[in-house]
Amino acid sequence: MPDAIIDAYRDQLWGLIGTLPGLDGVRERALNKFASAGFPSTRHEDWRYSDIKTLRTTPFDQMAAPMQAPDLPAPLTDVAARLVFVNGRFQESLSDMGDLLQAASVRPLANHLMANAERVDELNLGSDSINLLNTALMRDGFVLSIPAGIEIDEAIEIVHVSAGADHAAAHVRHLVEMGEGASATLLERFVGDDSAYWVNSLLQARVTEGATLTHIRMQEEGPAATHTATAIVSVGAGGNYHATNISLGSNLSRFEARVRLLADEANATVDGVALAGTGESHDMLVHVDHRMPNTTSDQVFRTVADARGKTSFQGKVTVAAGAQQVNADQSFKALLLDRTAEANAKPELEIFADDVKCSHGATVGELDDKALFYLTSRGIDPATARQMLVEAFSDEAFARTGNESLADSIRARVGQWMQNHTLEGQAA
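Residues numbered from 1 in each chain as written. Predicted model: local features only at pLDDT ≥ 70, side-chain atom pairs only at ≥ 80, totals over all residues. Heavy atoms only, no water.

## Section: the layout of surface pockets
One number sums up the size of the largest pocket: a volume of about 440 Å³. Forming the boundary of the largest pocket are 22 residues, of which Asn124, Gln204, Ala205, Ile232 and Ser234 lie nearest the centre. Contributions of two or more residues to the lining of the largest pocket are made by α4 (109-115), β7 (168-178), β9 (198-207), β11 (226-235), β13 (252-261) and β15 (281-290). Taken together, the residues that form the lining of the largest pocket break down as eight nonpolar, seven polar and seven charged. As for the second largest pocket, its lining consists of twelve residues, and the residues nearest its centre are Glu220, Leu248, Arg413, Gln416 and Asn420. Of all the secondary structure elements, the ones that give two or more residues to the lining of the second largest pocket are β8 (183-192) and α8 (404-427). A per-element tally of the lining of the second largest pocket places α8 first, with five residues. (1 Å grid on protein atoms, 1.4 Å probe; cavity = no way out; pocket = protein on both sides within 12 Å on 5 of 7 lines; lining within 4 Å. Points joined across faces, edges and corners; volume = space filled by probe spheres on them. Helix = DSSP H or I, 4+ residues; strand = E, 2+ residues; numbered from the N terminus. Nonpolar A, V, L, I, M, F, W, Y, C, P; charged D, E, K, R; others polar.)

Put into structure tokens, the structure is as follows:
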């Protein structure tokens, strides 16, 4: 990696000294590791489908504070609270805490570290150079703590907006702590304008005994954006982590979920939908690590690629020695809407126990001509018929959100994507 890239990010680090209490030493360690490792390339196995050439050759500045308040998207569903980040910075004036503060603790990352200096070491440096750079250059984020036994019925929405940020980046870090028996839905949304920006997000979550965290991510970044995101999650006895990632925007996106099941009856379901328009690339990588017996996991991913679009799925399940009675499933299906589209799948099972039930499957195909004929023969125009088939194809991957209103909003987004991309291809 060119020295100029390292020097640029080291200069940014010096500008962040003292901004987050107790973090200076952690920042420097992370940047030194980043400098040694460099950005990953397609020669790295986990990054074989994500070509981040722009990041390797051009340093991205820190996003500047917004000049004016941007337009915000309407909520996807009823929410308990709405936290807004603009260009990587929390905007209290645009946020609405509702009644959330009566049931849970929500505070900026800086306040959390100021009050809990000893917890700096709990920050995960990450699994690769992208995460290391997030650790070195993180500027803002929030800490959400749901006390034991508290159930929050409506979603907590976090909106990330990027505007006027050409060749600039936002490195955001969120921490989520679920007390025993607590439950909540976290809805992350990412939107932006036409500038060529980079959003690099990392979320750490600890789901303790009997708790449930539902984590929905709606990625609708601007068409020139690069989006990288990682969720690092640990799940305790009887705990549940349900994740659904929807990738509809950006030029290049990558979502990575790394989940450890640490005790009996821990469960993880990690699902995803990626719709790649012309020239877009969406990569989703999941690693579920079954560390203990009697744990379960399930992965359902559906992707659609239009002309010169690319989708990729890498799903890995690891079963540790002695982790008997594990049940793990993976399912990946891809639709190609054009002969120039591309879909990649790499399911993996790494099993060190003998009494387990693990399976995976992957298929890639085109829209069913017989189904199209059936629908058009009943008076449905071809464009609408294609849209209906794509919506039905992707539905299984977000049917487990547990919130029908939210699921309906996601379905509407998928339909809108079809109108904005596939129908244009039809007209051409």
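Picking up where we left off.
## Structural notes on a negative patch on the surface
A cluster of acidic side chains, namely Asp78, Glu151, Asp153 and Glu154, defines a negative patch on the protein surface. In this fold, Glu154 is placed in the loop between β5 (142-146) and β6 (155-162). Residue Glu154 is classed as partly exposed on the basis of its relative accessible area, which comes to 36%. (Patch = residues over 30% accessible without salt bridge, like charges linked within 9 Å, V, L, I, M, F, W, Y side chains within 5 Å. Areas by Shrake-Rupley, 256 points an atom, 1.4 Å probe, with all protein chains shown as cover. Salt bridge = Lys/Arg side-chain N within 4 Å of Asp/Glu carboxyl O. Lys, Arg positive; Asp, Glu negative; His and termini not counted. Charge placed at Lys NZ, Arg CZ, Asp CG, Glu CD. Buried < 20%, exposed > 50% of the residue type's maximum accessible area, 1.4 Å probe, protein only.)

## Side note on the sheet that holds strand β12 (residues 240-247)
Spatially, ten strands are ordered β3-β2-β6-β8-β10-β12-β14-β16-β18-β20 in an open sheet, and the strand pairing comes out mixed. The open sheet is flanked by β3 (89-90) and β20 (356-365), the only strands paired with a single partner. Relative to strand β16 (residues 296-305), strand β14 (residues 267-276) runs parallel, the two sharing ten bridges. Looking across to β16, one finds that Val273 is bridged to Arg302. (Pairing = 2+ DSSP bridges.)

## Let's talk about the packing of helix α1 (residues 3-16) against helix α5 (residues 129-137)
In contact at an axis separation of 9 Å, α1 and α5 are set at 35° when each is read in the N-to-C sense. Residues Tyr9, Gln12, Leu13 and Leu16 of α1 touch α5, and the partners they reach there are Leu133, Ala136 and Leu137. Residues belonging to the contact of α1 with α5 are distributed by class as follows: six nonpolar, one polar and no charged. (Axes fitted to C-alpha atoms, helices over the stretch in contact; angles between N-to-C directions. Contact = heavy atoms within 4.5 Å.)

## Some words on the nonpolar core
Counting 49 residues, the largest nonpolar core has Leu144, Met178, Leu186, Tyr241 and Val259 as its most contacted members. Contact partners of Met178, with chain neighbours within four places excluded, come to Ile146, Ser183, Ala184, Arg206, Val207, Thr208, Ala211, Thr212 and Leu213. Residues Val26, Phe39, Leu109 and Ala169 belong to the second largest nonpolar core, which totals 31 residues. (Core = buried A, V, L, I, M, F, W, Y, C linked by side-chain atoms within 4.5 Å.)

## Some details on the pairing of β11
Where burial is concerned, most of β11 is hidden: ten out of the ten residues are buried. Of the two faces of β11, the one holding Thr226, Thr228, Thr230, Ile232 and Ser234 and the one holding His227, Ala229, Ala231, Val233 and Val235 are both buried throughout. Taken together, the ten bridges between β9 and β11 define a ladder with parallel strand orientation. Opposite Gln204, over in β11, you have Ile232 as the bridge partner. Across ten bridges, β11 lies against β13 in parallel orientation.

## Description of the side chain of Asn267
Among the secondary structure elements, Asn267 is positioned in strand β14. The class of Asn267 is buried, set by a relative accessible area of 13%. In terms of polar contacts, Asn267 uses its side chain to reach the side chain of Asn240, at 3.3 Å. Not counting residues up to four positions away in its chain, the partners in contact with Asn267 are Val235, Gly239, Asn240, Tyr241, His242, Leu261, Thr296 and Ser297. (Polar contact = N/O pair within 3.5 Å; in protein donor to acceptor, adjacent residues only side chain to side chain.)

Take it as geometry only, folks, not as evidence of what the structure does.
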